[in-house]
Amino acid sequence: QVQLVESGGGLVQPGGSLRLSCAASGISFSTYTMGWFRQAPGKQRESVASITRGGSTNYRASVQGRFTISRDNAENTVYLQMNSLKPEDTAVYYCKAARRIFNTIYWGQGTQVTASS
């Protein structure tokens, strides 16, 4: 059974930091591209950051320089370090695992991030 379990969300003041984790089980983690997405109320889900099997990263422009995605293949975990959080970063953050073979995609259940004073 495939599971992606996010953790680390919460309430933080603007300018603060949070570190999200996504622990994967039931998949060959190192063979997947991992990504973080977010969805704010009334908006579409959007990509935040991704990291390939080889460690190449990609970020949406609005988080470039503030967020860092990383992965630990030994722990089957992907991280999202979020610094200098802004109110517009408030959303439910989802972890995604994707692999081209058979167009395989898995999603986590999401974790709430709120940046508010």
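See above for the structure.
Structure report, in brief. (Residues numbered from 1 in each chain as written. Predicted model: local features only at pLDDT ≥ 70, side-chain atom pairs only at ≥ 80, totals over all residues. Heavy atoms only, no water.)

### Observations concerning the side chain of Thr-111
Note the following rule: Numbering of helices and strands starts at the N terminus; helices are DSSP runs of H or I of at least 4 residues and strands are runs of E of at least 2. Residue exposure (1.4 Å probe, protein chains only): buried if accessible area is under 20% of the type maximum, exposed if over 50%, otherwise partly exposed. Under this definition, polar contacts are N or O atom pairs within 3.5 Å; protein pairs additionally need one hydrogen-donor-capable and one acceptor-capable atom, and for neighbouring residues in sequence, both atoms have to be side-chain atoms. Contacts are assigned to residue pairs that have any heavy atoms within 4.5 Å of one another.
The residue Thr-111 is located in strand β11 (residues 111-115) in this model. Judged by relative accessible area, Thr-111 falls into the buried class, the value being 11%. A polar contact of 3.4 Å, which involves the side chain of Thr-111, links it to the backbone nitrogen of Gly-9. Excluding residues within four positions of it along the chain, Thr-111 makes contact with Glu-6, Gly-9, Leu-20, Ala-91, Val-92 and Tyr-93.

### Here's the deal with the environment of Met-82
Inspection of the secondary structure puts Met-82 in strand β8 (residues 77-82). Counting along the chain gives 79 residues from Met-82 to Gln-3, while the straight-line C-alpha distance between them is 23 Å. Ignoring any residue separated from it by four or fewer positions in sequence, one finds Met-82 in contact with Gly-16, Ser-17, Leu-18, Leu-20, Arg-66, Phe-67, Tyr-93 and Val-113.

### Digging into the state of the cysteines
Operational definition: A pair of sulfur atoms, both from cysteines and within 2.5 Å, is called a disulfide here.
Considering all chains together, one arrives at 1 disulfide under this definition. The disulfide partner of Cys-22 is Cys-95, and the S-S distance across this bridge is 2.1 Å. Judged by the sign of its S-S torsion, about -80 degrees, the bond between Cys-22 and Cys-95 is left-handed. With Cys-22 in strand β3 (residues 18-25) and Cys-95 in strand β9 (residues 91-99), this pair connects stretches of sequence that are 73 residues apart. Looking at Cys-22, the relative accessible area reads 0%, which means it is buried.

### Points about the side chain of Lys-96
Turning to its location among the elements, Lys-96 is positioned in strand β9. Once residues lying within four places of it in the same chain are set aside, the contact partners of Lys-96 are Leu-4, Thr-33, Met-34, Gly-35, Phe-37, Ile-105, Tyr-106 and Trp-107.

### Some words on unusual backbone geometry
With a phi angle near 55 degrees, Asn-76 is a residue other than glycine that sits in the positive phi range. Despite not being glycine, Phe-102 has its phi angle at roughly 60 degrees, a positive value. Among the structural elements, Phe-102 can be located in the loop between β9 and β10 (104-107).

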